[in-house]
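Take a look at the letters that make up each chain.
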Amino acid sequence: MTKPRIFIAGHNGMVGSALSRLLKDQEVETIKKNRLDLDLLNQDKVQYFFKNQKIDQVYLAAAKVGGIYANNTYPGDFIYQNLMIQSNMIHSAFLGGVKKLLFLGSSCIYPKLADQPISEEQLLSGFLEPTNEPYAIAKIAGIKMCESYNRQYGKSHGIDYRCIMPTNLYGPGDTYHPENSHVIPGLIYRFHKAKENNLKSVVIWGTGKPKREFLYVDDMARASIRLMNVDKNSYDEHTSLMCSHINVGSGVDLTIKNLAENIKEVVSYKGQIVFDNTKPEGVPRKLLNSKLINKLGFNPTTSLKNGLIKTYKDFLKNYK
């Protein structure tokens, strides 16, 4: 029996790397292309790739990502690059005969003041958080593109394009930067540098009061593989043609202040934490309702504390 050929778009990123690790032990053939080999922003090259490769499944994990600072500073880059990457990938995969695709989105697609925990049905029910609106708009477009192709070509071409919306992700392979990264890798970097330089304090944007949910990246990869392989009848039973995305989270949230204290402990930093309430801090709370994916057989296994320890070890191994 021929092994399914699976293309992991964004295999060098945090989620793509985790997917590669997990799929390595399965009876599949994974296809990977570096940015130099395949520019996902170039429609002609992406179409040529799919035309000349027999790809059975695609995990669309490629994206331009970043934290509040990066999203606020480079909104044009975030909306353009993400719209182009996903549009090129989804359309070219369809033209190339790919039957199954999983689009990886983000919980920022939901309204700023969404009811908590956030269910899938709350998409497009209110205003987005301004600091990451361009990124969110791109991800919403990706969901709707998958849904639209399913509606138009699902029966005639046998395609099944699915969408998974994770909460805030962290873990090995993340980007560690004091400003442009997400909150966990950014704080790990800053606490480590403060410890290294014997600084008396670390300044954190905002009040520390907003609450966030976090999911370890290997759990996200397991959820993605699970969702890709769920029987179509089961998937269709829990979704609809125009609300087909599924949330995945840990089910637990905490304040940014508590998160900072946890990271401070893991890094063994002895100084003070100072909050700068003149800086933006995003939505007040963002906890996903993950009941659907739980019903479909996925539950996370990595606690925040253990995940932070593993992530800091990865940082120390790769930090220069």
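First, a word on what this report is: a plain description of the structure on this page. (Residues numbered from 1 in each chain as written. Predicted model: local features only at pLDDT ≥ 70, side-chain atom pairs only at ≥ 80, totals over all residues. Heavy atoms only, no water.)

Here's the deal with the pairing of strand 4 (residues 100-104)
Taken across its 5 residues, strand 4 has 4 buried, putting it largely inside the fold. Of the strand pairs in this sheet, strand 3 (residues 57-60) and strand 4 are connected by 4 bridges, and their pairing is parallel. Counted as the bridge partner of Leu60 is Phe103 from strand 4. The pairing of strand 4 with strand 5 (residues 160-166) spans 5 bridges and is parallel. Among the inter-strand pairings, Leu104 is bridged to a residue of strand 5, identified as Ile164. Crossover handedness for the path strand 4 to helix 5 (residues 133-157) to strand 5: right-handed. (Buried < 20%, exposed > 50% of the residue type's maximum accessible area, 1.4 Å probe, protein only. Helix = DSSP H or I, 4+ residues; strand = E, 2+ residues; numbered from the N terminus. Pairing = 2+ DSSP bridges. Right-handed = clockwise from strand over helix to strand, strands pointing away.)

Digging into the sheet that holds strand 9 (residues 245-248)
One open sheet holds the 6 strands; their spatial order is 2-1-3-4-5-9, and the pairing between them is parallel. With partners counted over all chains shown, the strands left at the sheet margins are strand 2 (29-31) and strand 9, one partner each. When strand polarity is set aside, the average angle formed by the axes of neighbouring strands in this sheet is 20°. As paired elements, strand 5 and strand 9 share 4 bridges and run parallel to each other. (Axes fitted to C-alpha atoms, helices over the stretch in contact; angles between N-to-C directions.)

Quick word on the packing of helix 6 (residues 183-196) against helix 9 (residues 256-267)
Packing of helix 6 against helix 9 brings their axes to within 10 Å, and their N-to-C directions diverge by 45°. Relative to helix 9, the element helix 6 is oriented oblique. Judged by the twist between their axes, the crossing of helix 6 over helix 9 is right-handed. On helix 9, the residues touching Val183, Ile184, Leu187, Ile188, Phe191, His192 and Lys195 of helix 6 are Ile256, Leu259, Ala260, Ile263, Lys264 and Val267. Considered class by class, the residues forming the contact of helix 6 with helix 9 number 10 nonpolar, 1 polar and 2 charged. (Parallel < 35°, antiparallel > 145°, perpendicular 65-115°, else oblique. Left-handed = near helix turned anticlockwise from the far one by under 90°. Contact = heavy atoms within 4.5 Å. Nonpolar A, V, L, I, M, F, W, Y, C, P; charged D, E, K, R; others polar.)

Quick word on the side chain of Asn132
By the secondary structure assignment, Asn132 is in the loop between strand 4 and helix 5. Those residues in contact with Asn132 that lie beyond four places of it in its chain are Asn71 and Cys108.

Considerations on the packing of aromatic side chains
Within this structure, the stated rule accounts for 13 aromatic pairs. Ring geometry for Phe7 versus Phe49: centroids 4.7 Å apart, planes at 50°, classification tilted. Here Phe49 lies in helix 2 (residues 43-52) and Phe7 lies in strand 1 (residues 5-9), a separation of 42 residues in the sequence. The class for Phe49 is buried, based on a relative accessible area of 6%. Between Phe191 and Tyr269 the ring centres are 5.5 Å apart and the planes differ by 45°, which places this aromatic pair in the tilted class. You can see Phe191 sitting in helix 6 and its partner Tyr269 sitting in the loop between helix 9 and strand 11 (272-276), a full 78 residues away along the chain. Following the ring pairs from residue to residue traces out a cluster consisting of Tyr176, Tyr189, Tyr312 and Phe315. (Phe/Tyr/Trp six-rings, centres within 6.5 Å; stacked < 30°, edge-to-face > 60°.)

Observations concerning the pairing of strand 5
Within strand 5, 7 of the 7 residues are buried, which leaves the element mostly enclosed by the surrounding structure. The two faces of strand 5 match: Asp160, Arg162, Ile164 and Pro166 on one face and Tyr161, Cys163 and Met165 on the other face are all buried.

Describing helix 1 (residues 14-23)
The element helix 1 is extensively covered by neighbouring structure, given that 8 of its 10 residues are classed as buried. Here the buried face of helix 1 lies against strand 1, strand 2, strand 3, strand 4, strand 6 (168-170) and helix 7 (217-229).

Describing the pattern of salt bridges
Scanning the model with the defined rule gives 13 salt bridges in all. In this structure, Arg5 and Glu29 form a salt bridge, with 3.0 Å as the shortest nitrogen-oxygen distance. Taken together, the residues span a long stretch of sequence, with Arg5 in strand 1 and Glu29 in strand 2 at a distance of 24 residues. With a relative accessible area of 35%, Glu29 lands in the partly exposed category. (Salt bridge = Lys/Arg side-chain N within 4 Å of Asp/Glu carboxyl O.)

In short, geometric facts, not functional conclusions.
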